[in-house]
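What follows is each chain in one-letter form.
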Amino acid sequence: MHSLDDISCLAAPQVQHAVVLLGRGGAGAASRQSLIALAEALRPRLPPGCKLVAAFVDKAAPSLPEALQQCMPARSIIVLPVFAPDEPALLRWLHKLAMRWRAAQAQPDIQIRFADTLLNSSGLPPILLQQIAQAAQAPDVAELAGERWQNDPDAWSQVPEHQHHALVCTGPRCTALGALAVWQSLGDAVQARQKLRSRLRLLQTSCQYPCNHGPLAIVYPEGVWYGRLVADNVAQVIETHVLARQVCPEHHVHGPVVLPPGI
Ligand code: FES
């Protein structure tokens, strides 16, 4: 276990330091909470003046570039990956993403260092043993499962009436390009408009591959790929597709440009 003394270098007054606690997101706002709670627990243990920001590789905001920006005016930033499983290719890309963010700064003389990933940490096995010891004293699962544990709700057997699905990519590259703002904006619009809500189901997906077009969404059943989406007009693009049956040429990437009459 490292003590505050071990990280006293982060308190060096001549340099402003920051730490980015980097996790992976999940569906729904609740999935962010555990990482934010971990950040809250860690924050008071850092030296005074050392900023701490929780960030997400995918499916949640802030993204790594947004978090790095929030660290400003720090001149030394440590990125602490706390996600599992380890994916070397993903980590390499995160390094490149950090370098691109740094290159875009007016004063790019910022040190960015990545800590070892959680699964590579030699400190993890003792923590897991401690967890096992604590769990041995925890209540049996029967005390926590609640009522009607034998089956899930009947409603989960019903197929919804939507004729369209919009698959919004919230993979790492699209997240770094602003996919969460796009997702939020589109979700708000669908909630607000009954006609759209009854016809369109929104789904988040992992990487759909052509990341350079991100933020990206595919609308089915027609299979129209839209790219470079922005929060300001994504609702209009998708609504025009679903209700007016027209493809927005500015954001069209792939698939039919003329749609059959409404379904
Ligand atoms: S991350 Fe969205 S297409 Fe790859």
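Right, let's walk through the structure included here.

Cut-off values and rules
- Residues numbered from 1 in each chain as written.
- Predicted model: local features only at pLDDT ≥ 70, side-chain atom pairs only at ≥ 80, totals over all residues.
- Heavy atoms only, no water.
- Core = buried A, V, L, I, M, F, W, Y, C linked by side-chain atoms within 4.5 Å.
- Buried < 20%, exposed > 50% of the residue type's maximum accessible area, 1.4 Å probe, protein only.
- Helix = DSSP H or I, 4+ residues; strand = E, 2+ residues; numbered from the N terminus.
- Contact = heavy atoms within 4.5 Å.
- Pairing = 2+ DSSP bridges.
- Axes fitted to C-alpha atoms, helices over the stretch in contact; angles between N-to-C directions.

As for the nonpolar core
- Core analysis: the biggest nonpolar cluster contains 23 residues, and Val20, Leu22, Leu64, Leu68, Ile77 and Leu94 have the highest contact counts within it.
- Those elements that provide at least two residues to this core are strand S1 (17–23), strand S2 (51–56), helix H2 (64–70), strand S3 (76–81) and helix H3 (88–103).
- Among the elements that take part in this core, H3 stands out by supplying six residues, more than any other.
- Apart from residues lying up to four places away in sequence, leucine 68 is in contact with Val20, Ile77, Val79, Ala98 and Trp101.

A look at the environment of isoleucine 78
- Within the element layout of this structure, isoleucine 78 appears in strand S3.
- Along the sequence, isoleucine 78 and tryptophan 225 sit 147 residues apart, while their C-alpha atoms lie 37 Å from each other.
- Not counting chain neighbours up to four residues away, the residues in contact with isoleucine 78 comprise Leu10, Ala18, Val19, Val20, Arg113 and Ala115.

A closer look at the sheet that holds S1
- Read across the sheet, four strands follow the order S2-S1-S3-S4 without closing on themselves; strand pairing throughout is parallel. Edge strands, defined here as strands with exactly one partner in the open sheet, are S2 and strand S4 (111–114). Going across the sheet, the axis of each strand differs from the next one's by a mean of 20°, ignoring polarity.
- Those strands touched by H3 are S1, S3 and S4, and its axis lies near 170° from that of S4.

Purely geometric stuff here, so don't read any function into it on its own.
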